[in-house]
Amino acid sequence: MTAPRDKLGRPVVVVTGMGITTSLGAGKADNWSKLVAGESGIRTITRFPIDGLKTTMAGTVDFVSVDPFSSTGLSERMAELVTQEALEQAGIGARGDFPGPLFLAVAPVEVEWPQRRELGRAVGSPDFTYDDLLRISGGGKYSAYHHRFMFGSVAAHLAETFGTKGSPISLSTACASGATSIQLGVEAIRRGETDAALCVATDGTVNPEALVRFSLLSALSTQNDPPQAASRPFSKNRDGFVMAEGAGALVLESYEAAVARGAKILGVIAGCGELTDSFHRTRSSPDGKPIIGCMNKTLADAGMTPDQIDHINAHGTATPENDKMEFNTTSAVFGDLAQKIPVTSNKSMVGHTISAAGAVEAIFSLLTLEHQRIPPTINYETPDPTILFNVVGNKARDARVTAVMSNSFGFGGQNASLILTREPA
Amino acid sequence: MTDTASKPGQTEVWITGIGLATSLGEGLDANWAALQEKRINVDEKGFAPFIVHPLLPVSFDSQIPKKGDQRQMEAWQRIGVYAAGLALDSAGIKGNKDILSKIDMVVAAGGGERDLNVDTGVLNAEAKGANAPGFLNERLMSDLRPTLFLAQLSNLLAGNIAIVNGLGGTSRTFMGEEVAGADALRIALSRIASGESDIALVGGSHNGERKDLLVLYEFGDFNLKNKFAPVWARKDHAGFALGSAGAFLVLESKAHAEARGAKPYAKLSSVVTDLARRKQSGDMEATLEKLWDKLPRREGKGAVISGASGAEPATSEERDFLKKHADFPVRATGTMFGHTMETQFPLGIALAALSISRGALFPPNDSTGTEIEMQGAPTQIVVVGAGHWRGEGMALVEAVD
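Per chain, the residues get numbers from 1 upward, laid out in the order the sequence is written. Here the convention is simple: chains get letters from A, ligands get numbers from 1, in the order in which they are written. With the structure being a predicted model, the display of local features is reserved for residues of pLDDT at least 70 and the display and counting of side-chain atom pairs for 80 or more, all residues being used for whole-chain, interface and lining totals.

(A) Structural detail: the overall build of chain A. Across its full length, chain A holds 13 helices and 16 strands. Our radius of gyration looks at C-alpha atoms and nothing else; its globule reference is 2.2 Å times the residue count to the power 0.38. Relative to the globule expectation of 22 Å for 425 residues, the C-alpha radius of gyration of chain A, 21 Å, shows essentially globular dimensions. Dimensions of chain A, computed from the C-alpha atoms along their principal axes, are close to 70 × 50 × 40 Å. Considering chain A as a whole, with its 425 residues, one finds that 63% of them fall into the buried category. In chain A, the proportion of contacts linking residues at least 24 apart, taken out of those at least 6 apart, comes to 79%. By definition, any uninterrupted DSSP run of H or I lasting at least four residues is a helix, any uninterrupted run of E lasting at least two residues is a strand, and each is numbered from the N terminus. As a rule, residues whose C-beta atom has 12 or fewer other C-beta atoms within 10 Å are exposed, those with 20 or more are buried, and those in between are partly exposed; C-beta atoms are placed from the backbone. Contact definition: two residues whose C-beta atoms, as placed from backbone geometry, lie within 7 Å.

(B) Region of the structure containing the domain arrangement of chain A. Residues and elements named next belong to chain A. Throughout, the edges of the domains are those of an automatic or database domain assignment. As assigned here, chain A comprises domain 1 (13-112 + 149-421) and domain 2 (114-147). For domain 1 versus domain 2, the distance between C-alpha centres works out to 36 Å. Residues belonging to the side of domain 1 that touches domain 2 are distributed by class as follows: four nonpolar, two polar and one charged. Gly is placed with the polar residues, together with every amino acid not listed as nonpolar (Ala, Val, Leu, Ile, Met, Phe, Trp, Tyr, Cys and Pro) or charged (Asp, Glu, Lys and Arg).

(C) Quick peek at the packing of helix H7 (residues 177-190) of chain A against helix H13 (residues 357-371) of chain A. All names here are of chain A. Lines fitted to C-alpha atoms define the axes, with helix axes restricted to the stretch in contact, and inter-axis angles between N-to-C directions lie between 0 and 180 degrees. Look at H7 against H13: their axes get within 4 Å of each other, and the N-to-C directions meet at 75°. On the basis of their axis angle, the class for H7 and H13 is roughly perpendicular. Two secondary-structure elements touch here, H7 through Ser-177, Gly-178, Ala-179, Thr-180, Ser-181 and Ile-182 and H13 through Ala-357, Gly-358, Ala-359, Val-360 and Ala-362. Here the residues of the contact of H7 with H13 sort into six nonpolar, five polar and no charged. In these notes the angle categories are as follows: under 35 degrees is roughly parallel, over 145 is roughly antiparallel, 65 to 115 is roughly perpendicular, and the rest is oblique.

(D) Structural view of the pairing of strand S6 (residues 199-206) of chain B. All names here are of chain B. For S6, the buried fraction is high: eight of the eight residues fall into the buried class. Burial of the side chains of S6 extends over both faces: Ile-199, Leu-201, Gly-203 and Ser-205 are buried on one face and Ala-200, Val-202, Gly-204 and His-206 on the other. Here, any two strands with at least 2 DSSP bridges between them count as paired. Sheet topology places S6 next to strand S7 (residues 245-253); eight bridges connect them, and they run antiparallel. Its bridge partner lying in S7, Ile-199 is registered against Glu-252.

(E) Layout of unusual backbone geometry. A cis amide bond links Asp-225 of chain A to the next residue, Pro-226 of chain A, at an omega of -5°. Among the structural elements, Pro-226 of chain A can be located in the loop between helix H8 (208-216) and strand S8 (246-254). A cis amide bond, omega 5°, links Glu-312 of chain B with the succeeding residue Pro-313 of chain B. One can find Pro-313 of chain B in the loop between strand S9 (302-306) and helix H13 (314-323). The residue Ser-218 of chain A is not glycine, and still its phi comes out positive at about 55°. Position of Ser-218 of chain A among the secondary structure elements: in the loop between H8 and S8.

(F) Representation of the interface of chain A and chain B within the structure. Across the contact, 67 residues belong to chain A and 66 residues belong to chain B. Of all the elements in the fold, those that place two or more residues in the side of chain A that touches chain B are helix H3 (113-123), helix H4 (130-135), helix H5 (143-148), helix H6 (153-162), strand S6 (169-172), H7 and H8 of chain A. If you tally residues by element for the side of chain A that touches chain B, the top one is H8 of chain A, at five residues. Where S6 of chain A and strand S5 (residues 171-175) of chain B come together, three bridges link them in antiparallel fashion. Residue pairing across strands places Ser-170 of chain A opposite Met-175 of chain B, the latter belonging to S5 of chain B.

Structural data, given as structure tokens:
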């Protein structure tokens with residue numbers, strides 16, 4: 001039996017439950033079969049009018065219904081579904097009594113347009129000012145909107161539903177949020193504060209204003225037709241990311257606690273790393289040093305060397321800058337291996353699930369370890385000749401995979417990487 | 001399970017830097033002087049009938065030298081970056097590349113201000129019959145400033161602090177109103193206490209002069225209206241007055257501080273947080289009692305700095321809790337600084353550390369008798385932070401032996 005502690009003497013942290021929802025479907029089985037089949041979840045948006053938008057497609061999760069609809073409500077519902085799935089698999093604790101804290105990656109919350117319009121209509125006359133909106137907001141008619149649009153509301157709901165312990169933490173590190181939620185769980189277990197942690201990441205924010213915001217920053221693909229071909233990581237003709245919704249949940253436990261209760265171990269979070277880039281709000285430092293440092297910190301945290309990584313689940317957003325930067329920085333860390341290790345971007349199929357991406361892709365990485373099969377990067381028809389990754393293009397590939405590095409880079413200089421392995425090292 | 005008490009073998013964590021920019025002024029001396037004079041800065045007209053505590057204007061240039069950087073931020077971020085810079089100055093590490101390149105950051109943040117003209121413009125046009133399917137899309141595409149999004153994103157407060165000061169460690173942003181500030185301190189403390197981190201910048205900022213926030217809290221009838229009163233005197237006229245403030249702290253392991261000759265204001269001994277269900281009256285009070293018992297033993301000269309907001313029923317439940325510990329003189333930061341949401345807890349920690357380092361608790365400012373005079377120097381101050389809707393936090397700040 002393997003030691004319950006890692007090379008640095010800390011408790012080994014394992015995964016005993018996973019749940020996932022993306023535009024491909026609900027649950028691990030459905031997602032995995034579609035992912036390895038190279039199916040895209042990207043479609044033309046039907047949730048709201050697309051007239052006047054430059055980007056008209058997204059990876060929306062339309063099969064989960066929320067009434068009344070709000071992006072925060074959808075985020076909450078998806079988080080609930082994936083947590084249920086993860087807890088069922090883990091078989092930990094009792095119903096409504098999870099024996100550890102919750103770390104939730106969630107998109108920033110604000111009052112949304114349907115509710116703002118409801119207020120506007122309630123004023124009852126044109127030519128009103130913001131003060132008129134303010135005047136009619138009180139009196140209890142809209143008290144449900146106060147609760148709905150508290151930043152802590154999704155975490156509070158999950159904590160009460162699943163009985164997690166202590167104060168649930170809602171966090172945002174932009175596109176690295178999902179990875180950060182896992183990192184916080186790993187750290188809590190390593191410090192010995194808890195034997196188990198629930199790490200959830202969710203994002204249901206495909207709404208008009210969110211789409212416009214990213215559009216105005218020229219971050220989104222505008223290759224709307226056909227929508228399935230829009231997300232083109234590592235391709236010469238990539239032109240931006242595709243917004244998407246989804247959620248992922250992981251039950252983390254100390255190896256010792258998982259073994260003691262006879263839980264099935266799905267994988268190991270062998271290493272976590274994080275490094276801030278102070279160069280620019282949306283762009284990486286041109287020398288790539290923060291990302292290089294992030295990957296190196298992650299390897300050091302796992303006590304591993306680059307030659308021990310046999311697959312990279314890339315951030316791979318398909319923005320012109322990200323993919324190039326990711327190749328350059330990976331090359332700096334991995335040397336020639338950067339051109340040999342199979343690399344894939346799940347975002348080619350599920351789009352960029354923003355706050356959820358780090359957790360969604362960690363789960364896909366763990367499924368890759370389980371099935372010894374790497375999902376493809378679809379739409380890889382015209383490789384970018386300057387990105388010399390060994391891209392698993394268009395068709396899934398069987399491979400011996402023992403350790404995966406999963407990367408997440410976000411606005412605000414957020415860089416986070418994870419190393420996932422099948423068995424404790 | 002989510003406690004962060006210093007345990008045997010864990011390192012002591014010192015508060016070696018404090019940065020404050022509030023409605024009472026910037027820096028420790030100005031805030032301390034205002035507290036001594038029982039000065040309160042409220043605006044009863046600008047947002048009437050709502051009352052807010054506006055930021056006492058500061059010269060942002062001194063902490064955010066590039067105008068271009070200032071333009072990329074909205075007020076809540078500028079206040080925060082400013083206060084964070086003051087905290088780094090106070091710790092004596094401003095510009096110290098060795099330390100700043102590894103300092104860990106945990107920021108408690110909400111979101112940024114909306115463009116009210118855009119919102120009102122869209123709604124007015126719709127009221128006048130603009131109902132084409134793409135109307136909202138087209139207006140947002142043409143009217144929103146492209147960089148406004150970055151001034152609204154929660155994690156871009158931390159991002160801007162990193163950019164302006166050249167920080168290169170880790171960066172985590174916690175959201176979730178009041179308790180996010182307590183959890184930020186809890187996680188930073190536990191990381192340093194366990195040796196995962198040596199030094200951290202922790203805090204938050206809030207712009208209370210925002211009508212979009214007033215709308216949000218008005219949904220729940222939480223805003224204080226018409227007449228200002230101290231927090232404890234609002235029972236029949238409940239509500240919080242939003243406040244503008246930035247409060248940041250530099251936390252550091254004792255060994256790291258001593259190695260560079262840094263002096264502590266105080267030590268942060270413990271931060272504990274929880275989520276009461278608040279389904280029944282007394283739930284929150286019971287949770288506060290539980291947290292109180294989790295703090296390390298208090299045998300010194302104690303006091304309480306409360307973040308009670310004036311909102312009900314939270315404020316009454318907190319008062320019931322405090323009555324059971326009446327031997328601890330209480331101060332409510334909400335009376336003097338307004339309710340600064342995610343920032344209230346870091347602000348409480350800052351004032352506790354400041355009081356300990358200055359050898360006196362600041363005077364009471366209350367008409368109900370809840371706050372009493374304190375003689376002598378406090379050596380142990382409990383900071384209490386109960387959210388207006390959810391979330392409870394508590395911390396123990398102590399004099400360094």
